[in-house]
Every structure is written in structure tokens, then in C-alpha cells.
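Breakdown of the fold
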Amino acid sequence: MTDEQREPRAAAVFDALGADYEKAFAGSEPHRVSLERLLARLRPGSRVLDVGSGTGRPTAWTLAAAGHDVLGVDVSPVMVDIATRQVPRAAFRCADIREVPLDEASFDAVCVYFALLQMSRREQSALVRRLTRALRPGGDLVLATVPVDVEDLEVVFMGQPVRATSFAAPDFTAMVGEAGLEVLTEESLMFTPAHPEATPEPHLFVHCRRPDEAPSAQL
């Protein structure tokens, strides 16, 4: 499947899930802890990019309620509509993050909770590098993924057929480091979404920062 074909497939899946996705993952304590860790590091009124913002909760809602300037980007029109209604303090854009212009050092933090899984490994690596450049020096990038060694695997997720790609945990962390990020914390656990067709799945939360000074490029 080409990269161009994945985008409409992802939009259709999450259009179909809608608010059910939020309900299924609302009980994720590690997600809450991850957001609390980020909030403790942010300066007042920080500018935050939420990639794959979904329904806006809990990520954009939590950050906006704390007074931060949040932009959510999601490929699903249904998700963006729900988020706009649920989190009026944040701004949301329906777009493919791979095609959104990102200025250098324009965000204090970036969140990417489970938004990489329907991208190829090449795309995931390229996007994390772009997001790193979009962070101000010292800024935070928080990622969550399902750390399994699969590539373009057809699975059923909450009753919806999807094709998933991911890295094993050590390879994911290595990919993050290769993007120029410093890993601060990692947390691995098993989580079962609150959905009748869901099964237990491994989750990995990685909290990173862009170093204050980038290392000199090797010629």
C-alpha cells in the first residue's frame, strides 16, 4: 500500500470510531500521568502541537485547561468536529500532519499519542525528525505507540480493519534518538481499551526533549 493510500484509510477508520475511541481509552492512567509530567515542564502559556488530536480529550483538553495555546491536527473530519465542540479553548485543523508546514522552533511541546501506527516506518522516522525541528531548543516531545515489530500488518481494531506498522520498543527508542531527541523517561505496560471487541495491547510512552544546542553536523 502506498503512503497516499494510507491517509484516506486512516481517516475512514477514525471517522467510523468517532467518540467511541475516546470512551475506549479514557481509562488510561499512563496517558494521564504522561500529561501531568508534561504539564510540570511547560512554561505558562506554552504553544503545544497535538498530532492526531482525535476527539480532543484528554490531551488537548488537559493542556488548554491549564492555559496553554494548543493546536490539534487530525486527518479525520469527524474527530476534528468532535474536538472543536468539546475543547473550544483549543484550535483544531483537519489535515495530514505530513503535509502541514512546520516552522523551525515554533512549538514549546509536541504530543503524538498513538498517531504514527498507520504510517510506514519511513514516514514515522521522517515525521519525528520534522517534529523535532519544530520544537524550540529545550522543548518536549511526548510519544506513545504500540511497540511491536510489525510492518503493514492487517489487524482489526475496535471492529475496524486497519493496516498497522510499528517498531519494537528498542528500535522505537533508537529512532527517536536518531531524530536528535534526548529520551527522559520510558514507560511500558499492557492496556485493554474499554470496548467489547478490544484485546490487551502493549503501550509505550516516551518523553523526550530537544537538546538546548544541537550537535554540529558532520560533513
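Report on the accompanying structure. (Residues numbered from 1 in each chain as written. Predicted model: local features only at pLDDT ≥ 70, side-chain atom pairs only at ≥ 80, totals over all residues. Heavy atoms only, no water.)

Here H68 is to be found in the loop between α4 (59-65) and β2 (69-74). Classification of H68 as buried rests on a relative accessible area of 7%. A sequence separation of 40 residues divides H68 from D108, and the C-alpha atoms of the two residues are 10.0 Å apart. Excluding residues within four positions of it along the chain, H68 makes contact with L39, L42, R43, P44, G45, S46, V48 and L63. Of the polar contacts made by the side chain of H68, one reaches the backbone nitrogen of S46; its length is 3.1 Å. (Helix = DSSP H or I, 4+ residues; strand = E, 2+ residues; numbered from the N terminus. Buried < 20%, exposed > 50% of the residue type's maximum accessible area, 1.4 Å probe, protein only. Contact = heavy atoms within 4.5 Å. Polar contact = N/O pair within 3.5 Å; in protein donor to acceptor, adjacent residues only side chain to side chain.)

For the structure on display, the rule yields five aromatic pairs. A ring pair is formed by F25 and F114, whose centres lie 6.4 Å apart and whose planes are at 40°; its orientation type is tilted. Here F25, found in helix α2 (residues 19-25), pairs with F114, found in the loop between β4 (107-113) and α6 (121-134); they are 89 residues apart in sequence, far enough to count as distant. Both residues of the pair, F25 and F114, count as buried. Taken together, the ring pairs in this structure connect F25, Y113, F114, F191 and F205 into an aromatic cluster. Sitting over the ring of F107, R47 keeps its end group 4.2 Å from the ring centre. One cation-aromatic arrangement involves R121 over F167; the distance from NZ or CZ to the ring centre is 5.4 Å. (Phe/Tyr/Trp six-rings, centres within 6.5 Å; stacked < 30°, edge-to-face > 60°. Lys NZ or Arg CZ within 6 Å of the ring centre and 35° of its normal.)

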